[in-house]
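Commentary on secondary and tertiary structure
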Amino acid sequence: MSQDFYNTSITPFSGIIIKLCRAYTSSQEDFEDYYQEVCLQIWRSKDNFRAESEWSTWVYRISLNVCLTLLKKKKNNTQHFVSDSMPYLDTVDNHAFSDESLNLLYDAIRQLSEIDRAIIMLYLEEKSYKEIADIIGTNYNNIGVRVQRIKSRLKKLLDGKIN
Amino acid sequence: MERSIENIWKEGFLKSDALIAPKINDLYAQKSIHIIDKFTRMFRINLKAIVVFSFVFLLISYLVGIPIMGIIFFVTLMVLVVINRSLLKSLETIDKGENSYEYLKKFNHWINKQVEINKRIAMFLYPISFMSIILGLWFKDAEGMFLGERLVNKIMIQFPEIDLLFGIPTLGIAIVLLILGLLAFFSGRIYMWDLNLVYGRVFNKMKELMSDLETLNN
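Residues numbered from 1 in each chain as written. Chains lettered and ligands numbered in written order. Predicted model: local features only at pLDDT ≥ 70, side-chain atom pairs only at ≥ 80, totals over all residues. Heavy atoms only, no water.

With an unreviewed UniProt entry as reference, chain A is termed RNA polymerase sigma-70 factor (ECF subfamily), source organism Algoriphagus yeomjeoni. What UniProt states about chain A under its Sequence similarities (unreviewed entry) heading is, verbatim, "Belongs to the sigma-70 factor family. ECF subfamily." (UniProt positions renumbered as here; feature names shortened; annotations may be inferred.)

**Some details on the nonpolar core**
If you look at the biggest cluster of nonpolar residues, it comprises 86 residues, and the most contacted ones within it are Ile 42 and Ile 109 of chain A together with Phe 107 of chain B. It is helix H6 (residues 170-217) of chain B that provides the largest number of residues to this core, a total of ten residues. Those residues in contact with Ile 109 of chain A that sit more than four places away from it in its chain are Ala 23, Arg 117, Ile 120, Met 121, Leu 124 and Leu 154 of chain A together with Trp 9 of chain B. Counting residues in hydrophobic clusters, the runner-up holds eleven residues, among them Leu 47, Ile 50, Met 69 and Phe 73 of chain B. (Core = buried A, V, L, I, M, F, W, Y, C linked by side-chain atoms within 4.5 Å. Buried < 20%, exposed > 50% of the residue type's maximum accessible area, 1.4 Å probe, protein only. Helix = DSSP H or I, 4+ residues; strand = E, 2+ residues; numbered from the N terminus. Contact = heavy atoms within 4.5 Å.)

**Focus: the packing of aromatic side chains**
Using the criterion set out here, one finds 20 aromatic pairs over all chains in the structure. Aromatic pair Phe 39 of chain B and Tyr 199 of chain B: ring centres 4.7 Å apart, planes at 25°, arrangement stacked. Taken together, the residues span a long stretch of sequence, with Phe 39 of chain B in helix H2 (residues 35-63) and Tyr 199 of chain B in helix H6 at a distance of 160 residues. The exposure class assigned to Phe 39 of chain B is buried, which follows from its relative accessible area of 1%. Owing to a relative accessible area of 11%, Tyr 199 of chain B belongs among the buried residues under this scheme. Seen from their ring centres, Tyr 199 of chain B and Phe 203 of chain B are 6.4 Å apart, and the 40° between their planes marks the pair as tilted. With a gap of four residues between them, Tyr 199 of chain B and Phe 203 of chain B both fall in helix H6, about one helical turn apart. Of the two residues, Tyr 199 of chain B and Phe 203 of chain B, neither departs from the other in class, the shared state being buried. Members of the aromatic cluster, connected to one another through ring pairs, are Phe 39, Phe 43, Phe 107, Trp 110, Tyr 199 and Phe 203 of chain B. The ring of Phe 5 of chain A carries Lys 46 of chain A above its face, with NZ or CZ at 5.8 Å from the centroid. (Phe/Tyr/Trp six-rings, centres within 6.5 Å; stacked < 30°, edge-to-face > 60°. Lys NZ or Arg CZ within 6 Å of the ring centre and 35° of its normal.)

Have a look at this one:
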């Protein structure tokens, strides 16, 4: 990948990628692998970009699709899939943010199903329900209801932890 | 007052350390860990290995005097290669930039299609492989006559009363047919068991994701 492509087409949107990858990973090492993979797939798929949507929306799609279907083997050789059935415990080194509230919010987000994680991340990024539906490919009418449900679940998970 | 999740999100990312991108080096030379790329790599390696093996086996079968086994193996494996090559091409057309539902649907469809096709192939592949071994050995030259005929002659001397069908002991035919039946019956299951062992988590995850998205679409 040319440095130019990275600087002009990925760096301005790295925030999107970082936020999404953090929601689907449980350690700094996994996060770096996911981030790298998303960048690689953006580079590989760039010729398929047809400007029907904005570049940022397309980056969201690639990032989300890669995170949803990434299979990573941990160093200890146990196959690992970040799963909603596996409560997330983020105790890891520099994977955590310096803002404790944000860490708690991410912990709660990681306990959601993978699709719910995607929806709430897009919602928090101030995407409209229509944009969320476009990125995920679902019925626009159901997004609002789902967002409210996810927010209630997050509130319960965060109850009493954040002032 | 309790902070809203929207505020926690916004304020959290205002901190300077929150969005530091990891350093990446020589990205394009990195080996992709994505599941589609893994399938693609695995398929390519498998197909190449099958082609090399079938040629080597064909050559060896001629050298050791069992060309029938080599030819049947070669033809069967080549059919397997051609079918899986077309599966590989369809996998490579999946666009990761589509919306998640379409992307997952296409990937899921590809997984189901390749499992179904390879399960069916396995049902024929194992019995054909077994039959090629039997035929190869049967028609192997053994001092001027086929090894199978020589074996039947020996059996006839020891058990002159034995039933024959087309000059072959009926019991032998029955055993071969039984093994063929068992192989055909269990090969699909063996294939699925083997596949689930390696990719069970992927299949389960795909099912969960698709079911969640279907719920949202209804």
